[in-house]
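This is what each chain is made of:
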Amino acid sequence: MTEAEIHLLDTETWGQHELLEVICSRYFVLGSQGLAEYSWEVNGRDGRSPSASLRSLNRHLKDLSLIAVLDEGDPPLLSVGGLPSQVMVMPAWQQALVWALVTGFVTMAGSLWITHLDPTSTTLESAALQTALVFFTLPVMGSVLLASYARIFVSTAFEVESNHLIPLAFPVMSPDWPFSLISAIGQMRPDLHPIPNRRALGFIELTTPTVMFVCGSILTVLGLGMTSDQPPIYEAAPILVDTNFLVDILGSVILSSDVALKLQWIHPTGLAGIALSLASWALLLPIPGFPGDRILHALIGPEDMQEGSNQTSIFIATLGFTLLIFMSTEYWPWLLLAAIAAWRRFSPEQMPSPYIVDEYAGLDEVPMRQIATLTLAILLLGYPGLEPSYEMEDWDEGLSTESWPAFMTFEDGQTQIELTLEPVGVMPVSGWLQMRVEGAPLGGWQIDSECLDETGVCRFDDITQASPGSVSVSMNRNQMEASEQTFRLIILIDVANHVTEHAIVFQPIGVTTPIDPLWVMVEDTQTPRICVEIMVVEGDYVNLTNYDPFWSFENETSLGPGIHDLCMRGHEGAIQSLSMQDDQYRRIGPSILLFRENLSNDILFLPVEDTQAMIQVSDGEWLIPEWFESDSEYVIARGESGSAFCPSTDVIAEVNASGDWNRDLADRSSILIPAGEIGNATLRFGPSGWLALCEGTTMLASYRVAEGPDIMVEPGTLASRMPNGEFSIVNRENETMPISLDWTGDAVAWDNWEAGAPSEVAAMSSVTANASVHGDPLARWAAWVTADEDGITLHFAARSWEVA
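All of these numbers come straight from a predicted model, not from anything done at the bench.

Caption draft 1: Representation of the overall build of the chain in the model. When helices and strands are counted, the chain shows 14 helices and 43 strands. The globule rule puts the C-alpha radius of gyration for 804 residues at 28 Å, and the 42 Å found for the chain is more than 25% above it. Considering only C-alpha atoms, the chain reaches an extent of 145 × 65 × 50 Å along its principal axes. Looking at the chain as a whole, 50% of its 804 residues are labelled buried.

Caption draft 2: Broad picture of the nonpolar core. With 66 residues, the main nonpolar core has F179, L181, M212 and I266 as its most contacted residues. Per element, the largest residue contribution to this core is ten residues, and it comes from helix α9 (residues 268–283). Among residues more than four places away in sequence, those in contact with F179 are F136, V241, L271, I274, A275, L278, Y331, P388 and S389.

Caption draft 3: Structural detail: a nonpolar patch on the surface. The grouping of L133, V134, F135, L138, V214, I218, L222 and M226 at the surface amounts to a nonpolar patch, some 680 Å² of accessible area in total. Elements with a contribution of two residues or more to the nonpolar patch: α5 (126–157) and α6 (198–226). In this structure, V214 sits in helix α6.

Caption draft 4: Region of interest: the pattern of salt bridges. Under the defined criterion, the tally for this structure stands at 21 salt bridges. Across the salt bridge formed by E438 and R586, the nearest N and O atoms sit 3.1 Å from each other. Here E438, found in strand β13 (residues 429–438), pairs with R586, found in the loop between β25 (562–570) and β26 (592–595); they are 148 residues apart in sequence, far enough to count as distant. A relative accessible area of 6% means that R586 is categorised as buried. Connected via shared salt-bridge partners are R436, E438, R488, D516, D582 and R586.

Caption draft 5: Region of interest: empty space enclosed by the protein. Tallied over the full model, the rule gives one cavity of 30 Å³ or more. What lines the largest cavity is T220, D242, T243, N244, V247, I274, S277, L278, G382 and P384. By residue class, the composition of the lining of the largest cavity is four nonpolar, five polar and one charged.

Caption draft 6: Structural context of the environment of E21. Along the polypeptide, E21 turns up in helix α2 (residues 16–25). A relative accessible area of 33% places E21 in the partly exposed class. Along the primary structure E21 and V80 are separated by 59 residues, whereas in three dimensions their C-alpha atoms are 9.7 Å apart. Every residue in contact with E21, bar those within four places of it in the chain, is listed here: L30 and W40.

Thresholds, definitions, all that
Residues numbered from 1 in each chain as written. Predicted model: local features only at pLDDT ≥ 70, side-chain atom pairs only at ≥ 80, totals over all residues. Heavy atoms only, no water. Helix = DSSP H or I, 4+ residues; strand = E, 2+ residues; numbered from the N terminus. Rg over C-alpha atoms; globule rule 2.2 N^0.38 Å. Buried < 20%, exposed > 50% of the residue type's maximum accessible area, 1.4 Å probe, protein only. Core = buried A, V, L, I, M, F, W, Y, C linked by side-chain atoms within 4.5 Å. Contact = heavy atoms within 4.5 Å. Patch = residues over 30% accessible without salt bridge, like charges linked within 9 Å, V, L, I, M, F, W, Y side chains within 5 Å. Areas by Shrake-Rupley, 256 points an atom, 1.4 Å probe, with all protein chains shown as cover. Salt bridge = Lys/Arg side-chain N within 4 Å of Asp/Glu carboxyl O. 1 Å grid on protein atoms, 1.4 Å probe; cavity = no way out; pocket = protein on both sides within 12 Å on 5 of 7 lines; lining within 4 Å. Points joined across faces, edges and corners; volume = space filled by probe spheres on them. Nonpolar A, V, L, I, M, F, W, Y, C, P; charged D, E, K, R; others polar.

Encoded structure:
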């Protein structure tokens, strides 16, 4: 009797229950009936295992559109039901259409990456599209197609029907996701797609991520090898990508160049590899609906997955993972992934579980180890970090000073330092370095470097991350009779659009000295307060003395070993009474004498910060005074912050100084003033920062800039000490300004002083004032002019030496 006749006899002779019972009894020894209508406790017939008997039974039932499943138990329970009706998958032509559409999306994203690396090309031009197709699209889509065929091959080996994967991709490129590829998904519902056993489920679900991860890692290494060592000419902020641990290891072994460097402008093939690695890693996460969750089913088993304590553990782990992601990063793809994981895991509508036909077979130890080891290896080695891609902020920010020290020591009047030149971002950097010593006005320090030219400027060109440079600087004292004292080396980094400064403090070894080489202006008031920290070395004990009547100590003057705060309070006129200036036109503070028992005494000279002469700007305009005319050309430079420096280059725009003219001075800008008359010159700039007059790199004068009435003093400037005798007060405002006289100090009543000025000065005119000293009084004095909205004040202060 043929098989067809047996089937026909079966269906015509018995009812459904009897029919299934007779058919199952041919392959199993049937025991008690289960709770379901078509279920029995069974054992294998003729010594065969229940799993082998189940495979034979299902081959028989398949033609009847039925399927039998074997649950865990002892004895196992056999249940027979209808074969699940799978949702119709897309026909071949629709699948081809989807693949073609996604291929176009990936090509478009690849073209955007090409134009990002090469701004001279456009996204839709044929060259960019061809390059993207060859080096980005084909690697991505080819690898996904290979993974799809590999999945079909493994499914066929386990006698499971399978279809091609459907790739998903974005046709755009953004700093947060420049990879285009999102995922590759199957077309069949897992609860309607029977899988023979847990072993088959594990290997089938692991195939796609494994193939994509291996292809991605290989392509990433190849792409890094194809990436140039030199950066492209970016016109916008570059997008940086990161790799996983495996690629880092392979890159360090295989590639001779720096992997982290090339990731800033990686070749499209490398980007394709990273996209595949990211997608494969995400697929293995235990998120309901992802292959990683179905692999977890295969490892744990459906029954244990539904067990209460395991569900609680999975819920807690998912919640912890979600909170960790939200606290650790703002990278929105990871936030979205964590949200999906939490939503699907906690949703009352559970995602369908895999349809495992033979749960009784379980999962042997060997395949369990293979599946678990490979899954964990990909998850660990493929971990992409909290931010796999981001936009570099400081991509064109000039020269980096991160490796430069901020503090060094020296001895015997000499020191040297090596400065590494490397860019902050990715773009090649060219520019100049200027160096000068601040503090220690009596130190006589000389700066020597092979890089410095005759003007004291160091030129550097085309510094990149792959080809950094270095500058060796040595410094020596030429006035050894003065004691060693802390000083600082100020380095101006002059790069187009990025002018910065770096200070290195040099402190002598084994010498009592201030920690900082300048007095800090703590209170800039009529009675100023200046402070500095002083370090007394071990074995030294000093007594501090000051003979300046305008200044007095505010704290202890007998100092033992250790670090001490040294502050001085000035009377009105204290700053203006300081007659000495350093090379940057800061006033040198009061002399501090250090007396020691049985040891040589010493003296401290420290400039006071922010004490340069001042000019005031009214309504953003400032007239160049007539006495700024010179027989030789000079440069006016301006900055909004930092220290005053002269321009590094002599390529400066010269103004046409005849007649009326005006110029806007931006931050770190300069103009060349020709020799001779300068006409009616107006400069426009903000009421802050500094202004410097230069001849080459030599500073002729330096001024602080502030908001206020445009009043000038000739000779001299506002708030600076007037010479003994007559001087002019020049009103450059369009209104008359009153003039008042202010006397202060314990010695102003003496007959040695004469100070006076007219009661007012008309608009756009000047008056003569006088501040004179007669005889040789035992006092220090200062005269200075200030101006505010209430008018002009001529100040005169005098203090006798006896109060020191």
